[in-house]
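Okay, here's what each chain looks like letter by letter:
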Amino acid sequence: MRRSCKTLSVLITLLLMIGVFTSGCSDTPDAKTGDKEFYVIGFSQLGSESDWRIANTKSMSQTFTNDNGYELIIENAKQQQDNQFAAIRRFILEGVDLIVIAPTIEEGWDMILNEVQSAGIPVIIIDRSVAVRNDDLYLTNIGSDFLHQGELAVEWLEDQTSDSEYVNILHLQGTYGATAQLMRTKAIEDAESTHSNWKIVAQLYGDFTEAKGYEVMTEYLKKNKDIDVLYSENDNMTFGAMRALDEAGITYGENGQVKIITFDATKTALQYCLDGKISLCVECNPMHGPLVEQLIKRYRSGETIPKHVFIDEAAFTREDLTQEMVEERDY
Ligand code: AHR
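Since this is a predicted model, take the numbers as computed values, not measurements. (Residues numbered from 1 in each chain as written. Predicted model: local features only at pLDDT ≥ 70, side-chain atom pairs only at ≥ 80, totals over all residues. Heavy atoms only, no water.)

Some points on the pairing of strand 1 (residues 39-45)
What counts is decided by this rule: Only protein chains enter the accessibility calculation, which uses a 1.4 Å probe; a residue whose area is less than 20% of its type maximum is buried, one above 50% is exposed, and one in between is partly exposed. We count a stretch as a helix when DSSP gives it H or I for four or more residues in a row; a strand needs E for two or more, and each element gets its number in order from the N terminus. For two strands to pair, DSSP has to find at least two bridges joining them. With the strands aimed away from the viewer, a crossover counts as right-handed if its path from the first strand over the helix to the second runs clockwise.
Summarising burial for strand 1: seven of the seven residues are buried, a large majority. Alternating residues of strand 1 divide into Y39, I41, F43 and Q45 and V40, G42 and S44, and every residue in both groups is buried. Of the pairings in the sheet, the one linking strand 1 to strand 2 (residues 70-76) comprises seven bridges and is parallel in character. By the bridge assignment, Q45 is partnered in strand 2 with N76. Handedness of the crossover joining strand 1 and strand 2 through helix 2 (residues 51-63) is recorded here as right-handed. As judged from the four bridges shared by strand 1 and strand 3 (residues 98-101), these two strands associate in the parallel manner.

So, the packing of helix 7 (residues 210-221) against helix 8 (residues 235-248)
Selection rule: To get an axis, a line is fitted to the C-alpha atoms, and for a helix only the part in contact is used. The angle between two axes follows their N-to-C directions and goes from 0 to 180 degrees. We call a crossing left-handed when the near helix sits turned anticlockwise from the far one by less than a right angle, and right-handed when that turn is clockwise. We call two residues contacting when some pair of their heavy atoms lies within 4.5 Å. Residues are grouped as follows: Ala, Val, Leu, Ile, Met, Phe, Trp, Tyr, Cys and Pro are nonpolar; Asp, Glu, Lys and Arg are charged; all remaining types, including Gly, are polar.
Taken N-terminus to C-terminus, the directions of helix 7 and helix 8 make an angle of 35 degrees; their axes are 7 Å apart at the nearest point. The handedness of the crossing between helix 7 and helix 8 is right-handed. Residue-level contacts link E210, G213, Y214, M217, T218 and L221 of helix 7 to N236, M237, F239, G240, A241, R243, A244, L245, E247 and A248 of helix 8. The residue makeup of the contact of helix 7 with helix 8, split by class, is nine nonpolar, four polar and three charged.

Topic: the nonpolar core
Worth spelling out the cut-off: Nonpolar core, defined: a set of buried Ala, Val, Leu, Ile, Met, Phe, Trp, Tyr and Cys residues in which side-chain atoms within 4.5 Å join the residues together.
Grouped together as the largest cluster of nonpolar side chains are 36 residues, with contacts concentrated most on L170, L172, L204, M217, L221, L230 and I260. Of all the secondary-structure elements, those providing two or more residues to this core are strand 6 (167-173), strand 7 (198-205), helix 7, helix 8 and helix 9 (267-274). Top element by residues in this core is helix 8. It accounts for six residues. Residue contacts for L170: discarding those within four places in its chain leaves V201, A202, L204, M217, Y220, I227, V229, L230 and Y231. Judged by nonpolar contacts, the second largest core, of 20 residues, contains V40, V96, L113 and V130.

Below is the structure:
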C-alpha cells in the first residue's frame, strides 16, 4: 500500500513536470502578445537601391536592438509601394506596437494608413513624405528638407555660372513621385526658369540606382556630348554616370568639361569631391535611427511630438573637405 502510494506520487510529479515542459514549449514568451519583453516595431523600408538606403537600414537596426528593449521587424519593399502595403498589413496582423514607414512615393497612402489607424497602431514616417488628406494618420515625419537641398545646389551653381553665356544642364532623376525626386527636381526647374543662361538639356530617369544611372547616361552620350553640368539626384546614379562619362571620353571635375552636382554626400562621393572629380556634394543624412528612437521615447512618455522633424544638412566642395572628414564619414 505504501509502495503503490509512492509510485503514484512519482507518477504525478512526472506528469506535472511534463506539463510544465510542454506548456513552456508551446507558450514561448511572445514579444507581440501578452507579457512583452520588447517594444515591437514593424519597419517597412522601401528598398536597398542605394548606399544611402543601406546606411539608413543599418542605422535603424543598430538603434532598435533587443539590448535596447526593441524587436525590429524589417521588410524590404524592393522599391514597390504594393510590397509596402503587404508588409504593413502583416504588421497589423502581428499586432506590432508601432510601424515605421520609409515610403517609396508620396501618393497613395490614405487607405493603408486608415487601416493602421483603425487597428490602433501609431505610425512614424521617415526619410520621404506621404501626401495624405489627414495628417493625423501619422505621428511625425522625420527626414530631410529635400527642397532646401536642391536650393543649396542651385545657389552654388549660380555662383559658378554668373559669367557664363550658356549652361547646359543634364538632369538625372530619381524615382518619380518620391519626395527626394520631386523637391530636388523642383529646385532646379524653378531656377532654370529664372536664369536665362541655364538650360536643362535633358531629364533622364535613373531611379536612384547606379545601374540605371549608367545605362541612361551611356545611351544619352551616344548622341549628345554638349553638357556643362550634371545635376544628379543621388550619389549612386552619379557613380554610374561617371563611368558612362569615362567610357565616352568626356572629362569632368576640376579642369574638366562637366561640373558634377550630386546628392547624399556618402563617403565615396566625398572622396571623389576631395579628389576633384565631383564639384558639389549636397548632404542627405540617412542616420535616422537615434532620432526616431528619441521621438518614440517622447511619444511613449505621453509628450506631444512635432509633426515634422528636419535633419540638419550641409553642402561640400573640395575646399570644405579634408581627408580626415572623409574618413570619419560613417556612410
Ligand atoms: O530619399 C532619400 C534618397 O533615396 C537618397 O538621396 C537616395 O540615395 C535614396 O535612394
